[in-house]
Amino acid sequence: VQPASEISGPGICGLTRPFHVTALQGGAVKLNSRSTLDCSMVAELEDWVAGTLQPAAQARFGQQIVQINSMGSYACRGMNNMRGAQLSEHAFGNALDIGGFVLADGREITLVRDWGRGDPQTRAFLMDVHRGSCGHFSTVLSPGSNAFHYNHIHVDLAMHGRSGRSICKPACAARG
């Protein structure tokens, strides 16, 4: 995690204190590509890895996650990459799209393949990750939430409405 230069616009997009993230947990969990994120998002990701991701991997596979395969972080764009849509939390470095994980033994788990068609242990792991993510992030959109999230888990720290409600979809995965 390295501090980066301020990112301005266009428009209101940008970050005043961005960080370039290539690994979490002191380097123990690598990201497949550098992600540009806001400080609060980096802190919550660290907590999520320690409190949700690693315990789920240990319980289901008896080993740790060594890599998170990101599909996107900072990007000045509308929600779901739709032109003219409300700005996505990605536009503020406040979101990460996760396409999969790599276990210590080299096994790769991908959302697009394993969410619905993986073996029972892998599907249970992904449900554990989804449920745990809902306790850390204010928005969690996993496969089944809508057509735009068929291949990844989107997590962010958006404030939804005055009450600050959370969005965790699909609800059936959240209930387990």
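(A) Spatial organisation of the layout of surface pockets. Size it by volume and the largest pocket reaches roughly 500 Å³. Forming the boundary of the largest pocket are 25 residues, of which Met 79, Asn 80, Leu 141, His 149 and His 154 lie nearest the centre. Classifying every residue of the lining of the largest pocket gives 7 nonpolar, 13 polar and 5 charged.

(B) Layout of the state of the cysteines. Tallying each qualifying case throughout the model produces 1 disulfide. Here Cys 134 connects covalently by a disulfide to Cys 168, the sulfurs 1.6 Å from one another. Because the sign of the S-S torsion sets the handedness, a value of about 55 degrees for the bond joining Cys 134 and Cys 168 places this disulfide among the right-handed ones. Of the two residues, Cys 134 is situated in helix H3 (residues 120-134) and Cys 168 in strand E11 (residues 167-169); the sequence distance between them amounts to 34 residues.

(C) Looking closely at the environment of Ile 153. By the secondary structure assignment, Ile 153 is in strand E10 (residues 153-156). For Ile 153, a relative accessible area of 1% translates into the label buried. When the C-alpha atoms of Ile 153 and Pro 143 are compared, they prove to be 6.9 Å apart, with 10 residues separating the residues in sequence. Apart from residues lying up to four places away in sequence, Ile 153 is in contact with Leu 96, Asp 97, Ile 98, Leu 111, Val 129, Val 140, Leu 141 and Ser 142.

(D) Quick look at the side chain of Asp 156. As for its position among the elements, Asp 156 is in strand E10. Among the residues examined, Asp 156 registers a relative accessible area of 4% and is labelled buried. A polar atom in the side chain of Asp 156 sits 2.7 Å from the side chain of Thr 139. Within polar-contact distance, the side chain of Asp 156 engages the backbone nitrogen of Ala 158 at 2.9 Å. Apart from residues no more than four positions distant in its own chain, Asp 156 is found in contact with Met 41, Glu 89, Asn 94, Ala 95, Phe 137, Ser 138 and Thr 139.

(E) Local environment of the packing of aromatic side chains. Summed over all chains, the structure comprises 4 aromatic pairs. Seen in terms of ring centroids, Trp 48 and Phe 101 are 6.5 Å apart; in terms of plane orientation they differ by 40 degrees. Their pairing is tilted. A residue pair is termed long-range when its members are at least 10 positions apart, and Trp 48 in helix H1 (residues 39-61) and Phe 101 in strand E7 (residues 95-103) qualify at 53 residues. Its relative accessible area of 1% is what places Trp 48 among the buried residues. Look at Phe 101 and you get buried, because its relative accessible area is 1%. Between Phe 101 and Phe 125 the ring centres are 5.7 Å apart and the planes differ by 85 degrees, which places this aromatic pair in the edge-to-face class. Separated by 24 residues along the polypeptide, Phe 101 in strand E7 and Phe 125 in helix H3 bring together distant segments of the chain. Phe 125 matches Phe 101 in its accessibility class, with the two residues each being buried. Counting every residue linked through ring pairs, the aromatic cluster contains Trp 48, Phe 61, Phe 101, Phe 125 and Phe 137.

(F) Representation of the packing of H1 against H3 in the model. Between H1 and H3, the shortest axis-to-axis distance is 9 Å and the interhelical angle comes to 160 degrees. If you check the angle between H1 and H3, you find them roughly antiparallel. Here H1 and H3 pass one another in a crossing that is right-handed. Only Gln 121, Thr 122, Ala 124, Phe 125, Asp 128, Val 129, Gly 132 and Ser 133 of H3 make contact with H1, whose side of the interface consists of Trp 48, Thr 52, Leu 53, Ala 56, Ala 57, Ala 59, Arg 60 and Phe 61. Taken together, the residues that form the contact of H1 with H3 break down as 9 nonpolar, 5 polar and 2 charged.

Analysis parameters
Residues numbered from 1 in each chain as written. Predicted model: local features only at pLDDT ≥ 70, side-chain atom pairs only at ≥ 80, totals over all residues. Heavy atoms only, no water. 1 Å grid on protein atoms, 1.4 Å probe; cavity = no way out; pocket = protein on both sides within 12 Å on 5 of 7 lines; lining within 4 Å. Points joined across faces, edges and corners; volume = space filled by probe spheres on them. Nonpolar A, V, L, I, M, F, W, Y, C, P; charged D, E, K, R; others polar. Disulfide = S-S within 2.5 Å. Helix = DSSP H or I, 4+ residues; strand = E, 2+ residues; numbered from the N terminus. Buried < 20%, exposed > 50% of the residue type's maximum accessible area, 1.4 Å probe, protein only. Contact = heavy atoms within 4.5 Å. Polar contact = N/O pair within 3.5 Å; in protein donor to acceptor, adjacent residues only side chain to side chain. Phe/Tyr/Trp six-rings, centres within 6.5 Å; stacked < 30°, edge-to-face > 60°. Axes fitted to C-alpha atoms, helices over the stretch in contact; angles between N-to-C directions. Parallel < 35°, antiparallel > 145°, perpendicular 65-115°, else oblique. Left-handed = near helix turned anticlockwise from the far one by under 90°.

From the geometry alone we can't say anything about function, so treat these as descriptive.
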